[in-house]
Amino acid sequence: MSYGGGGYRRKHHYRDDVEHHVHETLEQKIKSSILKLGEVDPLQELPRLSAHICAQKSTITSTVVEALRIGVTQQPYKIPYYATLLRLLSTTSVSEETTLQGQELGKQMLEDFWKGFQGFLDRLAWREIRHCVHFFAHLAVAQVISAASLYNLISAFVAVLDEFGVSHGRAKQAVRCAIEGLMIAGPALAAESSADITSIVTAIKSYVQSVSRFKYLVRPITGHLADDGSHNVANELLDSALTALEVMYEDGFAQGSECFPRPYVEVITEGSVVFALPSVLVPPEVIELDGLSSESDILVKKADWAEFHIRIFDNDVTPDPNTPSGYAVRCGLLDLVDIFEVNRKECARLLLEFPKWTIPGTFQHAQDPVSDKNWQLECTILEVTCQTSVRIASPLKPSVQSILGQFLLLPESTHKSVYFITLITELCKLAPSTVGPAVGKSIRKMYNLLSEGLDVALADRLAIWFSTHMSNFNFIWVWKEWIGDLGLSIQHPKRVFMRRAVEYEIRLSYYDRIVKTLPEQMQSREACVLPEEAPRPIFAYDDPASPYHDIAQSVLNLLSGRAKAEDVMAHLEELKNTFETTDTDGNINTTIRAIAVQSLLHIGSRSISHYLNAIERYLPLLRNLAGGGISSGRGSNTEARSDILSAVLAFWKQNNQGVIIALDKLMQYQIVDPTDVITWSFVHAGPKNGEYRTCTAFQWDLIKGALDKANGRVVIAHRRLATLRKEDDDNAARAKASHGGMDIEDAKPDPVVESPALASAVKALASLTREQEAALTQTVDGFFRCLVTPGTSSPATRDVITTTVWDNRNSWAEAEWLSWETWAWYIHLCRTYAPYLRNYASTLEANVFADSKVLDDPAGELFKKIWSSMLD
Amino acid sequence: MAQVVAPLDQPSNYKDSQTRVDRTHQQELLSKSTTLYVGNLSFFTTEEQIYELFSKCASPEEGGGIKRIIMGLDRNTRTPCGFCFVEYYTHAEALACLRYISGTKLDERIVRCDLDLGYREGRQFGRGKSGGQVRDEHRTDYDAGRGGWGAQAQRLEVERRREVEERYADAQEGPGAVPGGGGDWKDAGENPLKRGRSPDDEGDPSRDVRTRMDDDSQRM
C-alpha cells in the first residue's frame, strides 16, 4: 500500500532495537509489543499478542496495564485495537496452555487502569482524560464494561456544565469528553434502558448555545466589524461536535460504525461484561495556591475563547466537520498534531499513515478509488494543520502556571505557530508530490479569503507561514497569478499581504535573491510589492549638502574613534551652545538628539552585535539623551525619548526589522520604556507621521513588542520574588532548626524583617506592575484616539463599520482600508491581552472612557462593544 | 511522551573538548542552558537573517527573547565561518528551537541546532587549523555557501561576499569584545551607580563599567 514508505524505516528501527536491547527484560518486551501493536496489521497481531500475554505469569498484569495507559493516551488512533485486546484478555479461554485469561484478569486490569484514569482526573489532564473516555466507550460497545456505568461517567462530565461560574475552557473539555464518549458508545448506550441520552444531548445543547459570547472577538472572518454572525467558511469546534452528535442521535447511532473502527466486533464471538466503572466527580479547578496569594491580584488567568476552524476545501475533498465521520477524522488528526509536538518529523509520518487507522475508504486510495467518502488525505491534514497554524489562540500562558511551573507543575508548553509551519515542511519533505499541491491550494484559498475579511492577525500569520515555507522550498511560488490584484487599492489586504510576504522573505534571505523570484510586473516601483531598494541604513547627514553634515561628521568621528562617552557628551554640549547663539530654530534639542542617535546607529549598523557593542559603550550618553537633554536636563523626558525613537525610525526607514530590533534593545537597556514606544508608535510610526490615525501591521509589531516587554518584565519579577521567598523560608527554617537547642526567645525569627534582596524585589515588582498598567493604558488610549475621539480619529473610522459599507468595499480607498485594519488590530489587542486588560479594567475605563458623550456615536459604541466582549 | 517517540529537544552527544567542566556538571548546565549552537550556516548568512528565523521561537511575553547572537568567525580572516551562538533569555526558547527549527532551512541550507554550555570568551572563533571550523578541514565536497573549494563563488554572491568580509574586520578578542545583549530590568532609583553601569555585568561584576570601557577603548 501507499504508506509503505514508512515500513522500511520501521524495519530498520526494529533492528536497532534488537541490537540495543539484547538484555531487554520480559516486562520491557511485553510493554514494547503492546505499544508497537499494529505496525504491520493490527487485526492479525491481536490474537498473537493476546495469546503471548496469556502465557505469562500473573505478575505481568501491571506491565500490561501500564503499556495500555501509555498506548491509549499517546497513540489514541490505536484505542479500538487496545479495546479489542482487553476484550480478548477478558474472555474465558478454552485452551489449557494459557495461565492467564478470563473475567478475573479483565476486571483486575480495569481496576488498575481506572487508578491511572483517576490520576489524570486529579490533575485535570484533559487530553488524557478524553482518550481514556474513548477507551471506556469502545469497551462498552465491546461489552467489557457495563453501559450503565459508562453512562454515569458521561453524566459526570455533563454535571460540570451546571457548576456555578464554570470557565469556558473547563466546560469545553467536559463537553468534548461527553460528546465523543456518546458518539463512540452510542449503540451500547441506546440499548441500555437506564441511559437517558436525550437529557444529556439537551444539556450539552443548552450549554453550547449559551456561550456565543465567546465567539465575537475570535471570528476568523471579521469583514463586518460589528456583526456577530459567523461566516460560513469557519466552524466552531463545539458547534461542530454538537451537530455531529445530533446527527448520530437522530438516526439511533447507526452511523457509528462508519466513523469508528470496531475491530472487536469481528474478533469477539461471545463475552460478558466484566467491569463496572466506579462513579466519579470531576474535581474542581485549582484556582490559587498558598504563598502567592498576596500577588494574586496581579497574576493573570488565561482567557477562554471559542475555537473556530477555517474551512479551506469543499466537502468532497475534505470531510465536513459537522458530520460524525468528519468530526471524528478531524479530532483524530488534531490529537496527533498535539501529542507529537515533541517530534515534528514523527508527527508528519504518523499523519500520513493516519488512514491506516480509519475505516477503509475514508481517504482516497490509489488502488481503490471507489468509495462513498474518498476524501483527500493531504488536503485534510493541511486543513487541520494549517488552520491550527493560523488559528487565533491566545498566546498567553497563564502566568500563574509559568511561575509555579518552576516549582509545582509539569512543564507545559503552548505550541508556537512555527511548530505548525515546520510540521507542514516535514510533510512536504515526506510526500512532496501530494502534500506540495495541497499546500499550494491552501495558500490560494486563504489568499482569496483576504478579500472576504480574513482577520488581520490571521493574514499576518499567513504571510509568516508563506515566507517561512518558501524559505524551505527555494522561494518557488507562482507569483504571476496574483498580478491582476496589483490593481487593488494599495492598502487592500491582498496587497498588504504581498508586501508583507515579500518583506518576510527578504528578511529570511536577501533582496537580490527574492527579486529574482518575482515577475517583472511585481518588480516595478509602482507595484509596491518590493521595497524600493535593499534594506539599508540611511544616515540623514551623509549628504554634504545637509546643513548638519559637518557637525554630524564630527560626532561620528568621535564615536568611530571610540572616544569616551563623557567626551562625546561634552562635544554635544558645545555644539548645542553654538546652535543656541547662531540658530533661532526651536528644535535644537531634537536636532542634537537626532545627530547623536543616528551617529550611534551608524557605527552599529553592520550587525546586531555591532549595534549592541555601540549601545554598551555609550550607555551613559544614551541615558543622558533619554533623560531630557545634554547635561542641563532641559526639555521633557518624554519628548527626548520620542526624539530618540524618531531618529531610529528615520535611520532604518528602509528596514522594518532594523527598527524592531533597535527598539527592542533600547527597551532592554532601559533607554526608553515600553510606554514611550507605544505612544510614539501610534503618533509617529504610521503612514502619516504626527497624527493618531491608524494602526498598521508594522505599528502593531512595535506596540506588541513593547507590551510583551512590559508583561515579560512582570513575569520575571514574579519569578524572582517567588524564588527569594522560597530561599527566605528555607533559611528561616534552617535557622530555626539550628537554634533548636537554644532558648526559645532567641530563636524566634522576626516575621516582619525581610532580606534586603526580598524587599527590593517587592519594590521592583510594584514598579513594573505600574509600568505594565501604563503600557496597557497607553495602548487602549491610542486606539481610542485613532478610532473614536473626534478630531484625532480618521473620518473613515465611522464609515467602515456598517455592514452595507463593507459590502461596497470594492470602492474603498486607502483611508477606508487603513481604518478597517486599525479596528481589526484593536479587536486583536482585546482578545490577545484580555487577561491583562481585565486586571486593570476599572482604571482603564476611568482613564479612557471618561467622556461618555464621545461614546454615543457609532464608533464609540463599537469600541465599547468590543471592550465589553473582552470583559465577559 | 518519551515512551512512544524520542523528543527532538534532547542535546546531542557533542562534548566540548576545551571545556574544563566535568560530564555531570555539563549535563546540569545543559538542562538550564539558554544558549543554542547553530551549525551548517552559509558563510554569507547575516545575524539579521538568524534573528528573523530564531525569533520565531522567542517568548517575550514570558520574559524571553533573543539576548544576543554571536557569529562564529575564522580566527585568522575575521570572516564568518559557518556557525553561531544564539543566546535567549530562557531555557524553554532554546528547547523550542531544537523541536521546531533544527533541521529546517535558513538561507537555503539545512541548519543544525544543539544546546550549548554557554558562550565563553574565545568561543566565537573557529578551532580548525586554518582558522575556520574543524569540519571544514575534513570536508571534501564542493560547498559554494561555505567557501567552495576555492574562490569560485557564484557571481550573485560576490557583492554579498564583499560586504560580509568587511563586516567583522574590526572583531576583537578578549573580555568585553562580545556585547552582553542587555540584562534584566533594574530599578534606576535604587542605586545611582547602576545607571552608570552596563545592565549586563556577567563578565566580571567586581569591575565597574568605567574601567571596563577604558579597557575596551585601549583594546578595540
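Residues numbered from 1 in each chain as written. Chains lettered and ligands numbered in written order. Predicted model: local features only at pLDDT ≥ 70, side-chain atom pairs only at ≥ 80, totals over all residues. Heavy atoms only, no water.

Going by the annotation in an unreviewed UniProt entry, the name recorded for chain B is Nuclear cap-binding protein subunit 2, with Cristinia sonorae given as the source organism. As its UniProt record puts it under Subcellular location (unreviewed entry), chain B is described as follows: "Nucleus". Quoted verbatim from the Sequence similarities (unreviewed entry) heading of the UniProt record, the comment on chain B is "Belongs to the RRM NCBP2 family." (UniProt positions renumbered as here; feature names shortened; annotations may be inferred.)

Under an unreviewed UniProt entry, the name given to chain A is MIF4G like-domain-containing protein, and the organism recorded is Cristinia sonorae. In its Sequence similarities (unreviewed entry) section, UniProt records this for chain A: "Belongs to the NCBP1 family."

Novice: Can you help me understand the overall build of chain B in this one?
Specialist: Helices and strands together make up the secondary structure of chain B, namely seven helices and six strands. Order of helices (α) and strands (β) in chain B, N terminus to C terminus: α-β-α-β-β-α-β-β-β-α-α-α-α. Going through the 220 residues of chain B one by one, you find that 56% of them count as buried. (Helix = DSSP H or I, 4+ residues; strand = E, 2+ residues; numbered from the N terminus. Buried < 20%, exposed > 50% of the residue type's maximum accessible area, 1.4 Å probe, protein only.)

Novice: Mind showing me how you'd approach the overall build of chain A here?
Specialist: Helix and strand content of chain A: 40 helices and two strands. The proportion of buried residues among the 872 residues of chain A is 58%. Pairs at least 24 apart in sequence give 76% of the contacts found in chain A among residues at least 6 apart. For chain A, the exposed surface amounts to about 35,200 Å²; the carbon and sulfur share of it is 52%. (Contact = heavy atoms within 4.5 Å. Areas by Shrake-Rupley, 256 points an atom, 1.4 Å probe, with all protein chains shown as cover.)

Novice: Help me understand the nonpolar core, please; the structure alone is not making it clear to me.
Specialist: Buried together is how nonpolar side chains tend to be arranged in soluble globular proteins. Counting residues in each nonpolar core, the largest one holds 317 residues, and the members touching the most others are F136(A), F157(A), W823(A), L36(B) and F54(B). Top contributing element to this core by residue count: helix α9 (residues 168-190) of chain A, with twelve residues. Here F54(B) is in contact with L36(B), V38(B), I66(B), V86(B), Y88(B), C97(B), I101(B) and C113(B), once residues within four sequence places are set aside. (Core = buried A, V, L, I, M, F, W, Y, C linked by side-chain atoms within 4.5 Å.)

Novice: Mind showing me how you'd approach the UniProt feature "domain: RRM" (unreviewed entry) in chain B here?
Specialist: UniProt records the feature "domain: RRM" (unreviewed entry) at residues 34-118 of chain B, using the numbering of this structure. Across residues 34-118 of chain B one finds 21% helix and 36% strand; the C-alpha atoms that close the span lie 7 Å apart.

Novice: Explain the packing of aromatic side chains here, please?
Specialist: Centre distance and the angle of the planes are the two values used to describe a pair of aromatic rings. Residues and elements named next belong to chain A. Counted under the stated rule, the structure contains 43 aromatic pairs over all chains. Centroid distance F651 to W652: 5.1 Å. Interplanar angle 85°. Geometry classified as edge-to-face. Across the pair, W652 and F651 agree in class, each one buried. Centroid distance W806 to W812: 5.6 Å. Interplanar angle 75°. Geometry classified as edge-to-face. (Phe/Tyr/Trp six-rings, centres within 6.5 Å; stacked < 30°, edge-to-face > 60°.)

Novice: Hey, could you run me through the interface of chain A and chain B in this one?
Specialist: Interface extent is often summarised as the accessible area lost during association of the parts. Facing the 71 residues of chain A at the interface are 70 residues of chain B. In total, chain A and chain B occlude about 6,500 Å² of area from one another, counting both sides; carbon and sulfur atoms represent 51% of this. For the interface between chain A and chain B, the tally reads five salt bridges. Salt-bridge contacts for D170(B) lead to R606(A); the nearest nitrogen and oxygen are separated by 3.7 Å. Where chain A packs against chain B, one counts 39 residue pairs in polar contact (both at pLDDT 80 or more). Per element, the largest residue contribution to the side of chain A that touches chain B is eight residues, and it comes from helix α32 (residues 697-738) of chain A. Classifying every residue of the side of chain A that touches chain B gives 24 nonpolar, 23 polar and 24 charged. (Buried area = accessible area lost by both parts, 1.4 Å probe. Salt bridge = Lys/Arg side-chain N within 4 Å of Asp/Glu carboxyl O. Polar contact = N/O pair within 3.5 Å; in protein donor to acceptor, adjacent residues only side chain to side chain. Nonpolar A, V, L, I, M, F, W, Y, C, P; charged D, E, K, R; others polar.)

Novice: Help me out: how do you make sense of the sheet that holds strand β3 (residues 80-88) of chain B in this one?
Specialist: Adjacent strands of a sheet form backbone hydrogen bonds with each other and so pair up, either parallel or antiparallel. Residues and elements named next belong to chain B. Spatially, four strands are ordered β2-β3-β1-β6 in an open sheet, and the strand pairing comes out antiparallel. Of all strands in the sheet, those bounded by a partner on one side alone are β2 (66-73) and β6 (112-116). Between one strand axis and the next, the sheet turns by 25° as a mean value, whatever way the strands run. Across the sheet, helix α2 (residues 47-54) touches β1 (35-39), β2, β3 and β6, and the angle it forms with β2 is around 135°. (Pairing = 2+ DSSP bridges. Axes fitted to C-alpha atoms, helices over the stretch in contact; angles between N-to-C directions.)

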